[in-house]
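Take a look at the letters that make up each chain.
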Amino acid sequence: MATDLLEIDSERPGESAIERAAAVVRRGGVVAIPTDTLYVLVADPLNLHAVGCVFAAKGRETQRALPLLVNDVVMAEELAKEVSARFYLLARRFWPGALTIIAPASSRVPLKVTGNTGRLALRQSQSKVANALLERLAQPLIATSANLSGMPTCTSGIDVFGMMDGRVDLVLDAGTVRGAGATTIDITEPYWRVIKEGAILEKEIADVLKGT
């Protein structure tokens, strides 16, 4: 596979660049894009061929779930089996932003996307590139870090190209992304827990979920 590299402005990515990326996703391909936290690989989570391509590109174990980007809470509601009061409290406070929320997946989501766990990691990003692509496609997107599994995450398009050349179809290069990584919280159990702390501190989450 020949990987294309396209330079963009992260604040004004341009219609042609977004359409080019959307065309790759529609045909089941994989695109690396910048977000507000890091570069991610995006693809169609409802296309099992595309899901397989993401796992192959990263060399990722198939029992590990693939996070999804959504453009609003309504799209998240369509993907989650149930949306709890905790979910709404967190989304209202931290979305769009650097918080990934793990919720039970609906039957619409292929089990392979959840790593056969039946749970789904959802986030609404502040990235103009990601949101423009979500709007163009009118569907959720796989959004997993753009790197080989076990290797450091990539903070620039050139880094992604160097590591993923021949493994993905297209890299949208907007230079260096300097945002902190997203925080991940699991709310599927009776007691919520932070799986990975990033830009949003556990104390901030605890303040929002106090009493729930």
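Use the structure listed above.
This write-up is about the structure you can find in this document.

Conventions we followed
- Residues numbered from 1 in each chain as written.
- Predicted model: local features only at pLDDT ≥ 70, side-chain atom pairs only at ≥ 80, totals over all residues.
- Heavy atoms only, no water.
- Pairing = 2+ DSSP bridges.
- Helix = DSSP H or I, 4+ residues; strand = E, 2+ residues; numbered from the N terminus.
- Contact = heavy atoms within 4.5 Å.
- Axes fitted to C-alpha atoms, helices over the stretch in contact; angles between N-to-C directions.
- Salt bridge = Lys/Arg side-chain N within 4 Å of Asp/Glu carboxyl O.
- Buried < 20%, exposed > 50% of the residue type's maximum accessible area, 1.4 Å probe, protein only.
- Phe/Tyr/Trp six-rings, centres within 6.5 Å; stacked < 30°, edge-to-face > 60°.
- Parallel < 35°, antiparallel > 145°, perpendicular 65-115°, else oblique.
- Left-handed = near helix turned anticlockwise from the far one by under 90°.
- Nonpolar A, V, L, I, M, F, W, Y, C, P; charged D, E, K, R; others polar.
- Polar contact = N/O pair within 3.5 Å; in protein donor to acceptor, adjacent residues only side chain to side chain.

So, about the sheet that holds strand β9 (residues 183–186). The strand order across the open sheet built from 10 strands is β1-β8-β2-β3-β7-β4-β6-β5-β9-β10, with neighbouring strands paired in mixed fashion. Both edges of this open sheet fall to β1 (4–7) and β10 (193–196), since each of them pairs with a single strand only. In this fold helix α4 (residues 85–94) packs onto β5 (99–104), β6 (119–123) and β9, with an angle of close to 160° to the strand it touches most, β5. Against the sheet, helix α6 (residues 157–164) engages β1, β2 (31–34), β3 (39–43) and β8 (170–173), with an angle of about 160° to β8.

Scanning the entire structure with this criterion turns up 10 salt bridges. Across the pair Glu19 and Arg136 runs a salt bridge whose closest N-O atoms are separated by 2.7 Å. A residue pair is termed long-range when its members are at least 10 positions apart, and Glu19 in helix α1 (residues 15–26) and Arg136 in helix α5 (residues 128–137) qualify at 117 residues. Look at Arg136 and you get partly exposed, because its relative accessible area is 27%. Among the ionic pairs, Asp207 bridges to Lys203, the shortest N-O distance being 3.2 Å.

Before going further, it helps to spend a moment on the environment of Val194. Relative to the helices and strands, Val194 is located in strand β10. Remark: the alpha-carbon pair of Val194 and Thr176, spanning 18 residues in sequence, is separated by 27 Å. In contact with Val194, not counting residues within four places along its chain, are Thr183, Thr184, Ile185, Glu202 and Ile205.

In this section: the packing of aromatic side chains. Counted by the stated rule, this structure contains 2 aromatic pairs. Taking 6.4 Å as the distance between ring centres and 80° as the angle between the ring planes, the aromatic pair formed by Phe87 and Tyr88 counts as edge-to-face. Residue Tyr88 is classed as partly exposed on the basis of its relative accessible area, which comes to 31%. Their ring planes at 85° and their centres at 5.4 Å tell us that Phe87 and Trp95 sit as a pair that is edge-to-face. Here the two residues Phe87 and Trp95 agree in accessibility, since each one is buried. In textbook terms, an aromatic cluster arises when at least three aromatic residues are bridged by ring pairs, as seen for Phe87, Tyr88 and Trp95.

With that settled, the discussion passes to the pairing of β5. Most of β5 is tucked away: 6 of the 6 residues are buried. With 4 bridges joining them, β5 and β6 adopt antiparallel strand pairing. Each bridged residue has a counterpart across the sheet, and for Ala103 the counterpart in β6 is Leu120.

Geometrically, a packed helix pair is captured by the angle between its two axes and the distance between the axes. Relative to each other, α1 and α5 sit at 60°, their axes nearing to 9 Å. Considered as vectors, α1 and α5 are oriented oblique to each other. Where α1 crosses over α5, the handedness of that crossing is right-handed. Residues Glu15, Ile18, Glu19, Ala21, Ala22, Val25 and Arg26 of α1 touch α5, and the partners they reach there are Val129, Ala132, Leu133, Arg136 and Leu137. Among the residues making up the contact of α1 with α5, the classes are represented as 8 nonpolar, no polar and 4 charged.

Turning next to the environment of Asp173. Inspection of the secondary structure assignment puts Asp173 in strand β8. Exposure remark for Asp173: the relative accessible area of 8% places this residue in the buried category. In the structure, Asp173 is positioned 38 residues away from Gly211 in sequence and 43 Å away in space, judged by C-alpha atoms. Residues contacting Asp173, with those up to four places away along its chain left out, are Leu5, Leu6, Glu7, Ile8, Tyr39, Gly157 and Ile158. A distance of 3.4 Å separates a polar atom in the side chain of Asp173 from the backbone nitrogen of Gly157. A polar side-chain atom of Asp173 sits 2.9 Å from the main-chain amide nitrogen of Gly175.

Honestly, it's all geometry; don't read function into it.
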